[in-house]
Each structure stands twice: as structure tokens, then as C-alpha cells.
Amino acid sequence: MDKLAKALGERIRAQRKACRISQDALALACSIDRSYMGRIERGEVSITVEKLYRIAHQLACDPAYLLPKLSELKPT
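Below or above, wherever it landed, is the structure these notes cover. Bear in mind that the values here come from a model prediction, so they are computed numbers and not experimental data. (Residues numbered from 1 in each chain as written. Predicted model: local features only at pLDDT ≥ 70, side-chain atom pairs only at ≥ 80, totals over all residues. Heavy atoms only, no water.)

## Observations regarding unusual backbone geometry
We count it as follows: Counting from the N terminus, the helices are DSSP H or I runs at least four residues long and the strands are E runs at least two residues long. When a residue's accessible area, from a 1.4 Å probe over protein chains only, is under 20% of the maximum for its type it is buried; when over 50% it is exposed; and in between it is partly exposed.
Located in the positive-phi region is Ser31, a residue other than glycine, with phi close to 55°. Tracing the backbone shows Ser31 in the loop between α2 (23-29) and α3 (34-41). Judged by relative accessible area, which is 64%, Ser31 ranks as exposed. Residues other than glycine seldom take positive phi values, yet Ala60 does so here, at roughly 55°. By the element assignment, Ala60 lies in the loop between α4 (49-58) and α5 (63-66).

## Focus on the environment of Ser46
Cut-off, in case you're wondering: Contacts between residues were defined by any pair of non-hydrogen atoms, one from each residue, lying within 4.5 Å.
Structurally, the position occupied by Ser46 is in the loop between α3 and α4. With 25 residues separating them along the chain, Ser46 and Ile21 place their C-alpha atoms 22 Å apart. Once you skip the residues sitting within four places of it in the chain, Ser46 turns out to touch Ala5 and Tyr36.

## Observations regarding the pattern of salt bridges
If the charged atoms of two oppositely charged side chains come close together, the side chains can form a pair. For clarity, the cut-off: We define a salt bridge as a contact between a side-chain nitrogen of Lys or Arg and a carboxyl oxygen of Asp or Glu at a distance within 4 Å.
Applying the stated criterion across every chain yields a total of seven salt bridges. Here Asp24 and Arg34 are joined by a salt bridge, their closest N and O atoms 3.5 Å apart. Taken together, the residues Asp24 in helix α2 and Arg34 in helix α3 connect sequence positions 10 residues apart. Residue Asp24 is classed as partly exposed on the basis of its relative accessible area of 46%. Salt bridges linked by common partners bring Arg13, Arg16 and Glu41 together as one network.

## Focus on the nonpolar core
Formally: We call a set of buried Ala, Val, Leu, Ile, Met, Phe, Trp, Tyr and Cys residues a nonpolar core when their side-chain atoms join them within 4.5 Å.
In this structure, Ile12, Leu26, Met37, Ile40, Ile47, Ile55 and Leu66 are the most contacted members of the largest nonpolar core, which totals 16 residues. Ranked by residues supplied to this core, first place goes to α4 with three residues. Ignoring sequence-local partners within four residues, the contact set of Leu66 consists of Leu8, Arg11, Ile12, Gln15, Leu52, Ile55, Ala56 and Cys61.

## Regarding helix α1 (residues 3-18)
Spacing of three or four residues puts side chains on the same side of an α-helix, whose turn is 3.6 residues. Note the cut-off: Under the convention used throughout, the expected extent of a helix is 1.5 Å for every residue step, that is, one less than its residue count.
Its 16 residues place the ends of α1 22 Å apart at the C-alpha level, agreeing with the 22 Å of an ideal helix rising 1.5 Å per residue. All buried positions along α1 are accounted for by Ala5, Ala7, Leu8, Gly9, Ile12, Gln15 and Arg16. Backbone geometry just after α1 places Arg20 at a positive phi near 55°.

## Considerations on the state of the cysteines
Covalent bonding between the sulfur atoms of two cysteines defines a disulfide. Basically, it comes down to this: What counts as a disulfide here is a pair of cysteine sulfur atoms lying within 2.5 Å.
This structure, assessed with the given rule, holds zero disulfides. Summary of cysteine pairing: Cys19 is not part of a disulfide, and the nearest cysteine sulfur, belonging to Cys61, is at 6.9 Å. Of the residues examined, Cys61 reaches a relative accessible area of 16% and is grouped as buried.

Here you go:
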């Protein structure tokens with residue numbers, strides 16, 4: 001799995017839970033299939049910038065907030 005996609009998915013999931021929004025509700029609000037939203041959160045797919053902005057808008061945060069820091073992506 002791609003480290004960037006996985007880290008981004010984890011941040012999206014954490015923000016969604018902090019906003020107390022279900023995965024189904026977020027997917028519907030973003031016009032994204034629920035199963036695809038699950039794949040995003042698990043880091044199985046890379047998303048477009050457009051989808052990132054749609055998700056961030058629904059989660060009431062800046063898209064940059066959802067992006068992982070470089071230090072999170074460095075190999076250990």
C-alpha cells in the first residue's frame with residue numbers, strides 16, 4: 001500500500017469521526033460511492049485533488065489539514 005494514500009486515509013477517517021459523521025453520510029455528501037470512501041480511508045486508492053477538496057469541505061477543514069506531514073511518510 002502507498003504510504004501517502006494510507007496516511008491520508010487515516011487522517012480523513014480521524015477527522016470524520018471527530019465530526020461525528022458516518023462513512024455513509026460523508027460519501028453521500030461528497031457524491032462518492034460508500035465502498036470507494038472505505039477504500040480511501042484504508043489507503044487502498046489515491047484520490048484526486050477535487051475529491052480531497054470535496055471531502056475537506058464536508059469535514060469543515062482545510063484540505064491541507066488532511067494531508068500528512070512529510071515526517072509521517074519517511075521510511076523508518
